[in-house]
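Overview (structure and organization)
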Amino acid sequence: MSIDIEIGAGEIARFGRLNITLMECRYPAGNKSGNAYAALEISEIGKAGTVFSGWMIASAPALSAMDHARYDVWVIRCMTS
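Here goes a summary of the coordinates provided.

Each value, and the rule that gives it
- Residues numbered from 1 in each chain as written.
- Predicted model: local features only at pLDDT ≥ 70, side-chain atom pairs only at ≥ 80, totals over all residues.
- Heavy atoms only, no water.
- Helix = DSSP H or I, 4+ residues; strand = E, 2+ residues; numbered from the N terminus.
- Buried < 20%, exposed > 50% of the residue type's maximum accessible area, 1.4 Å probe, protein only.
- Pairing = 2+ DSSP bridges.
- Axes fitted to C-alpha atoms, helices over the stretch in contact; angles between N-to-C directions.
- Disulfide = S-S within 2.5 Å.

Next up on the list: the environment of Ala39. Looking at where Ala39 falls in the secondary structure, it is placed in strand E3 (residues 37-44). Taking relative accessible area as the criterion, Ala39 reaches 10% and is therefore assigned buried. Considered as a pair, Ala39 and Ile57 are 18 residues apart in the sequence and their alpha carbons are 9.0 Å apart.

Moving on: the sheet that holds strand E2 (residues 18-26). Strand pairing in a sheet relies on backbone hydrogen bonds. The paired strands run either parallel or antiparallel. Strand order in this open sheet of four strands is E1-E2-E3-E4, and the pairing throughout is antiparallel. The open sheet terminates on both sides in strands that have one partner only, identified here as strand E1 (12-15) and strand E4 (52-57). With direction set aside, neighbouring strand axes in the sheet form an average angle of 30°.

Here, disulfide denotes a covalent bond that connects the sulfur atoms of two cysteines. According to the stated counting rule, one finds one disulfide in the structure shown. With a sulfur-sulfur separation of 1.8 Å, Cys25 is cross-linked through a disulfide to Cys78. Between Cys25 and Cys78, the disulfide has an S-S torsion of -90° and is therefore left-handed. Taken together, the residues Cys25 in strand E2 and Cys78 in the segment after E4 connect sequence positions 53 residues apart. Cys25 gets classed as partly exposed once you look at its relative accessible area, which sits at 27%.

Structural data, given as structure tokens:
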């Protein structure tokens with residue numbers, strides 16, 4: 001199953017056992033429909049620390065991927081409005 005989740009900067013979304021925090025989302029200057037770069041912090045409920053903390057790039061999800069046995073989180077785009 002896959003689901004799209006929209007998160008505003010500084011907001012936290014819960015999906016399953018994950019808490020996903022969007023720290024910042026950027027796109028190339030002058031190209032708001034360009035590639036998205038998102039700074040995320042992802043933690044799992046009931047476990048100490050984070051599962052992922054860093055930047056994900058929409059066009060290259062494997063470049064900086066979250067390593068989890070059950071969940072995959074990918075950035076699709078930054079919303080501009």
